Amino acid sequence: MAGSHEVDTLTKAFSGFGVDEKTLISILGKWHPDQTKTFRKGTQFFIQDERLFERWGAVVLWTMHPWERDARLIKDALIDGPKSYNVVVEIGCTRSSEELLGARRAYHSLYDRSIEEDVASSVTGVERKLFVALVSSYRYEGPKVNEETAKSEAKTLCNAVKNAAKKNPMEEEEVVRILSTRSKLHLKSVFKHYKEMCGKDIEEDVAPHLSLKHTVQCLSTPQTYFVKVLDEAINPDADENTKEGLTRVIVTRADVDMKAIKEEYHKQNGITLIEKIEHMANGNFKDFLLTLLARGE
């Protein structure tokens, strides 16, 4: 658990007593989830204080329990509207079944509503059915894959994409069922058979349907999706909403798959993510992000 001197340091810092911020960053960036949870429960600084959330940004997002964090991220995305719908897909597709269930419980506790009902009432476009299904999902996570079923479902997806001029694939019930209920291992097999049947990666074929593309990426190659979010966030011309993707990805993936994300970033950009952050970020924000990126190395 957290040492008493570390807790004292953080308490003074959040109380505005001007404690060395580098020490604060070092402590929070190296703590494990149970330590941040203990600190949050034992202080008054994290009790539904939206102004404090905005003020501390990445630091507060990091200290949140992952379920609460995801619940709040989804709520904010729904408030922001279509420009942030990728966050709903991201959380629905890249979390484990237990993590997503936890986010649904946290959302219910925070807002006295379910994620499903808020997604259904907020999203009015063709994405609605898919989004509701994704956030409702509880996927099988074992090793078994039925190849014949995978081939059949690949054909279903292929036909839906070919028929896209007449009907958006996201409106097809079978497309929604396959993408929202099948295990990620099963879907990798489905996508492999899709390429054999259709001659292209499904990601390429569904590119005109951005939410569908995000769904496929998050389910099959999440590191590719997260690198895209990072690239867009780091762009000097990005709006404030897009820039938030930098903090979101680094905070939420630091202890999950950041190694794979960093490798993919280097592969695509010819520069490491750490080098990029060092060049574009400043001050304590930069120090905190670099501390999180260094976890597990």
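Please refer to the structure placed before this passage.
Not measured: the values here are computed from a predicted model. Every chain's residues receive numbers from 1 upward, in the order its sequence appears when written. Selection of residues for local features in this predicted model requires a pLDDT of at least 70, selection of side-chain atom pairs for listing and counting requires 80 or more, and totals for whole chains, interfaces and linings are taken over all residues. In computing side-chain properties, one takes all heavy atoms of the structure into account and sets aside hydrogens as well as water.

A. How the structure looks around the state of the cysteines. In this description, a disulfide is simply a cysteine sulfur pair whose atoms lie within 2.5 Å. Going through the model one piece at a time under the given rule, you end up with one disulfide. Note that Cys158 is cross-linked by a disulfide to Cys198, the S-S spacing being 1.8 Å. With Cys158 in helix α11 (residues 147–162) and Cys198 in helix α13 (residues 184–198), the pair connects residues that are 40 residues apart, well separated along the chain. Type-normalised accessible area, obtained with a 1.4 Å probe on protein chains alone, sets the label of each residue: buried when under 20%, exposed when over 50%, and partly exposed for intermediate values. With relative accessibility at 4%, the residue Cys158 sits in the buried group. We note that Cys93 lacks a disulfide partner, and the nearest cysteine sulfur, in Cys218, lies 5.5 Å from it. Residue classification places Cys218 among the buried residues on the basis of a relative accessible area of 2%. The numbering of helices and of strands both runs from the N terminus, where a helix is a DSSP run of H or I of at least 4 residues and a strand a run of E of at least 2.

B. Up close: helix α18 (residues 258–269). The span you would expect from a helix comes to 1.5 Å times its residue count less one. Between the first and last C-alpha of α18 there are 16 Å, a value that for 12 residues agrees with the 16 Å anticipated at 1.5 Å per step. Taken together, the buried positions of α18 are Met258, Ile261, Lys262, Glu264 and Tyr265. When α18 is viewed along its axis, its buried side chains cluster within an angular range of 165° and face the same direction. α18 presents Lys259 and Lys267 as exposed residues on the side facing more than 90 degrees away from its buried surface. Contacts made by the buried residues of α18 are with α16 (222–234), α17 (240–253), α19 (273–280) and α20 (283–293). Of the residues flanking the end of α18, it is Gly270, one or two places downstream, whose phi is positive at about 70°. Note: the arc covers the axis-to-C-beta directions of the helix. Any two residues whose heavy atoms approach within 4.5 Å at even a single point are treated as in contact.

C. Seen up close, helix α10 (residues 128–136). Three or more residues of α10 are buried, namely Leu130, Phe131, Ala133, Leu134 and Val135. Along its buried surface, α10 packs onto α7 (85–94), α8 (97–111), α9 (115–122), α12 (173–181) and α15 (210–220).

D. Representation of the pattern of salt bridges within the structure. A pair is scored as a salt bridge if a Lys or Arg side-chain nitrogen falls within 4 Å of a carboxyl oxygen belonging to Asp or Glu. Enumeration over the complete set of coordinates arrives at 17 salt bridges. The closest approach of N and O atoms between Arg113 and Asp118, which form a salt bridge, is 2.3 Å. Accessibility expressed as a relative area gives 4% for Asp118, which makes it buried. Here the residues in one salt-bridge network are Lys75, Arg113, Glu117 and Asp118, joined through shared partners.

E. Representation of the environment of Lys162 in the model. Following the sequence through the fold, Lys162 ends up in helix α11. Assessed through its relative accessible area of 64%, Lys162 is described here as exposed. Expressed as a C-alpha distance, the spacing of Lys162 and Cys198, which sit 36 residues apart in the sequence, is 9.3 Å.

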